[in-house]
Amino acid sequence: MLSIKSALAKPFAKRVKKSVLKWANNPIETQQKVFNELISEAAGTQFGKDHDFVSINSYEDFKKRVPIRDYEALKSYVDRVVAGEENVLWKGKPLYFAKTSGTTSGAKYIPLTKESMPSHIDAARNAILMYIAETGNAKFVDGKMIFLQGSPILKEQNGIQLGRLSGIVAHYVPSYLQKNRMPSWDTNCIEDWETKVNAIVEETLPENMTVISGIPSWVQMYFEKIQEKTGQKVGDVFQNFELFIYGGVNYEPYRAKFENLIGRKVDSIELFPASEGFFAFQDSQKEKGMLLQLNSGIFYEFIKADDFFNDNPERITIADVELGVNYVMIVSTNAGLWAYNVGDTVMFTSLKPYRVIVSGRIKHFISAFGEHVIGKEVEQALKEGIEGTSFEISEFTVAPQINPESGLPYHEWFIEFETIPEDLASLEAKIDQSLQQQNTYYFDLIEGKVLRPLKITAVKKNGFTEYMKSIGKLGGQNKIPRLSNDRKIADALFEQGLTK
């Protein structure tokens, strides 16, 4: 028997799907409309005046007047907004600042406005509704849902609320989901991550959990604690658990471990949220990639990652992107970010409609020897390496070893296994072969005897958790970089005795 709530979800899902398809099937016009609105709305702001928005009549005009910026380059404007000044990057004041930990600039303050906030909420909702429309499965809406997130406690600074994005979003849970939502407010406010996860385990164990969401590495910790406490698979503890919603990192390296922890397969939905905007969500269980949100007050530009560090790289819109090319994504938004480099790289898997996968971070790559290996390549290589085996990976990262004690330099893979394989050499060979096939530069360096094939260093059980704790980044939206062009993480793992 369908409940009233799940019965109503189906026609609502159909309506939402129809409205999503309307803009998804008219992508160029949709983006042009967003562009025109952004320029018009911000013409009277300080940024708009400084960049002569009044004279911008085309994308070409925009490119001439507005250079690509990262947070550092936009910081002088953001600082004025943080100080309480109005009409700087966007009209009025932001509702919130999402505070994130930047690597070069310390804390970053990303504005969220009255106009931008709804898209953060609607995109997550629409992802679930598109799933219901496609599969016809709506039973899960009657059960309990959890999102492992940061604390919803906000601070105020010059009349603007300040907090983590996931904590801010927690204030916007629709009323019809309030009774279904876990954990409790008090538990969600616990700052210490391990204490919080233990409290969440206690709260959720007696409940009918049907939807679980969060960054895979932190959901894994939650699942492991459930298994430790009950001695059962998560899927047996929560027999109606049907849907895993995740974002932030690629799920593939975790899939085998998750399926073992759960004890069965469950459907999953991938999201691409960031403080700067909710960029994409998985709209189909059958198609690869996530639907790019073209109707959410965000205007997108793309630069080929291979050309990004050139003096004057070409900027293009969705009209000119190609399949399978690694692009740096640039956004202008109704939160007041302009030609802003988010730092993520994407590849298009479909142009009708426009779907993307996140291929990595423009700063997270290895090119110590000119190989320019990216996140997508190492994730694909690991996936191919463990295919057909029983190996379960908890976490991993890759760093260059430029000065080995003997022999040629190499890429060092730090992998936390559930059980360390006896034959690491064959796994190393399979991963290396896949990487050579994907990346011709890497292949040439191996062939030319500049590099030797990669080496795996096993990390102790919970070693990455210990490392994240040591740098004060345990839990929440924090995640281990897949790749580093230096040995900062690698050295810390050795120094802290976290390798085997």
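Preceding this paragraph is the structure being described.
**Some details on the nonpolar core**
Stage number 1. Ranked by size, the top nonpolar core spans 90 residues in total, and within it F302 and W338 carry the most contacts.
Stage number 2. The leading source of residues in this core is helix α6 (residues 117-135), at eight residues.
Stage number 3. In this structure F302 touches L292, E314, R315, I316, T317, I318, V321, Y327, V328, M329, V346 and F348, once residues within four positions along its chain are discounted.
Stage number 4. One finds F238, F244, V266 and F464 within the second-largest nonpolar core, a separate group that totals 42 residues.

**Let's talk about the packing of helix α11 (residues 216-230) against helix α13 (residues 252-262)**
Between two packed helices, both the angle of their axes relative to each other and the distance between the axes serve to describe the pair.
Stage number 1. Taken N-terminus to C-terminus, the directions of α11 and α13 make an angle of 25°; their axes are 10 Å apart at the nearest point. Between α11 and α13, the interaxial angle falls into the category roughly parallel. Crossing angle aside, the handedness with which α11 passes α13 is left-handed. Contacts from P216, S217, V219, Q220, F223, E224 and Q227 in α11 reach Y254, K257, F258, L261 and I262 in α13.

**Thoughts on the sheet that holds strand β11 (residues 290-292)**
Stage number 1. Spatially, β6-β3-β7-β8-β9-β10-β11-β15-β14-β13-β12 is the arrangement adopted by the 11 strands of the open sheet, whose pairing is mixed. Pairing within the sheet leaves two strands with one partner each, and these edge strands are β6 (181-182) and β12 (298-304).
Stage number 2. Inspection of the sheet shows β11 paired to strand β15 (residues 354-361) by two bridges, in the antiparallel sense. Following the sheet pairing, M290 is matched in β15 by V356.
Stage number 3. In this fold α6 packs onto β8 (243-247), β9 (267-274) and β10 (277-281), with an angle of close to 10° to the strand it touches most, β10.

**Let's talk about the packing of aromatic side chains**
Stage number 1. Evaluation of the coordinates by the stated rule reveals 33 aromatic pairs.
Stage number 2. On the basis of an interplanar angle of 50° and a centroid distance of 4.9 Å, the ring pair of F35 and F299 is categorised as tilted. Placement of F35 in helix α2 (residues 27-42) and of F299 in strand β12 is noted, with a sequence separation of 264 residues between them. The pair F35 / F299 is uniform in exposure class, with both members buried.
Stage number 3. Seen in terms of ring centroids, F279 and Y300 are 6.3 Å apart; in terms of plane orientation they differ by 70°. Their pairing is edge-to-face. Here the residue F279 occupies a position in strand β10, and Y300 occupies one in strand β12, the gap between them amounting to 21 residues. Judged on exposure class, the residue F279 and its partner Y300 are both buried.
Stage number 4. Members of the aromatic cluster, joined through ring pairs, are Y222, F223, F241, F244, Y246, Y251, Y254 and F258.

**Notes on the environment of L74**
Stage number 1. By the element assignment, L74 lies in helix α5 (residues 71-82).
Stage number 2. Judged by its relative accessible area of 0%, L74 is buried.
Stage number 3. For L74 and G163, which are 89 residues apart along the polypeptide, the C-alpha to C-alpha distance reads 20 Å.
Stage number 4. Those residues in contact with L74 that sit more than four places away from it in its chain are F47, R69, L89, G336, L337 and Y340.

**Some thoughts on helix α15 (residues 424-438)**
Stage number 1. Helix length check: α15 (15 residues) gives 21 Å between terminal C-alpha atoms against 21 Å at 1.5 Å per residue, within 8%.
Stage number 2. Against the buried residues of α15 lie β17 (373-374), α14 (375-386), β19 (410-417), α16 (440-447) and β20 (455-458).

**As for the environment of N25**
Stage number 1. Mapping N25 onto the fold places it in the loop between α1 (4-24) and α2.
Stage number 2. Taking the C-alpha atoms as reference points, N25 and Y354, separated by 329 residues in sequence, lie 9.0 Å from one another.

**Focus: empty space enclosed by the protein**
Stage number 1. Summed over all chains, the structure comprises three cavities of 30 Å³ or more.
Stage number 2. Approximately 70 Å³ is the volume attributed to the largest cavity.
Stage number 3. Around the largest cavity, the lining residues are V81, N87, V88, L89, W90, K91, G92, K93, P94, P111, T113 and A335.
Stage number 4. Along the lines of polarity and charge, the residues of the lining of the largest cavity split into seven nonpolar, three polar and two charged.
Stage number 5. One number sums up the size of the second largest cavity: a volume of about 50 Å³.
Stage number 6. Together, 13 residues line the second largest cavity, and S116, E276, G277, T333 and N334 are the ones closest to its centre.
Stage number 7. Elements with a minimum of two residues in the lining of the second largest cavity: β2 (107-112) and α6.
Stage number 8. Here the residues of the lining of the second largest cavity sort into four nonpolar, eight polar and one charged.

**With respect to the pattern of salt bridges**
Stage number 1. Using the criterion set out here, one finds 25 salt bridges in the structure.
Stage number 2. In this structure, the salt-bridge partner of R487 is E412, at a minimum N-O distance of 2.9 Å. Of this pair, R487 sits in the loop between α17 (463-470) and α18 (488-495) while E412 sits in strand β19, placing them 75 residues apart in sequence.
Stage number 3. Taking the relative accessible area as the measure of exposure, E412 reaches 2% and is therefore buried.
Stage number 4. Between K469 and E466 there is a salt bridge, with the nearest N and O atoms lying 4.0 Å from each other. Of the two residues, K469 and E466 both sit in helix α17, three residues apart, roughly one turn of that helix.

**Overview of the pairing of strand β14 (residues 340-351)**
Stage number 1. Within β14, 10 of the 12 residues are buried, which leaves the element mostly enclosed by the surrounding structure.
Stage number 2. Where strand β13 (residues 327-333) meets β14, four bridges bridge the pair, whose relative direction is antiparallel. Along β14, the bridge assignment pairs I330 with N341.
Stage number 3. With antiparallel pairing between neighbouring strands as the criterion, β13 and β14 make up a hairpin whose turn holds six residues, including G336 at a positive phi of roughly 95°.
Stage number 4. Bridging between β14 and β15 involves seven bridges; their strand directions are antiparallel. Bridged to S350 within β15 is R355.
Stage number 5. The loop that links β14 with its antiparallel partner β15 comprises two residues.

Procedures and definitions
- Residues numbered from 1 in each chain as written.
- Predicted model: local features only at pLDDT ≥ 70, side-chain atom pairs only at ≥ 80, totals over all residues.
- Heavy atoms only, no water.
- Core = buried A, V, L, I, M, F, W, Y, C linked by side-chain atoms within 4.5 Å.
- Buried < 20%, exposed > 50% of the residue type's maximum accessible area, 1.4 Å probe, protein only.
- Helix = DSSP H or I, 4+ residues; strand = E, 2+ residues; numbered from the N terminus.
- Contact = heavy atoms within 4.5 Å.
- Axes fitted to C-alpha atoms, helices over the stretch in contact; angles between N-to-C directions.
- Parallel < 35°, antiparallel > 145°, perpendicular 65-115°, else oblique.
- Left-handed = near helix turned anticlockwise from the far one by under 90°.
- Pairing = 2+ DSSP bridges.
- Phe/Tyr/Trp six-rings, centres within 6.5 Å; stacked < 30°, edge-to-face > 60°.
- Expected span 1.5 Å × (residues − 1).
- 1 Å grid on protein atoms, 1.4 Å probe; cavity = no way out; pocket = protein on both sides within 12 Å on 5 of 7 lines; lining within 4 Å.
- Points joined across faces, edges and corners; volume = space filled by probe spheres on them.
- Nonpolar A, V, L, I, M, F, W, Y, C, P; charged D, E, K, R; others polar.
- Salt bridge = Lys/Arg side-chain N within 4 Å of Asp/Glu carboxyl O.

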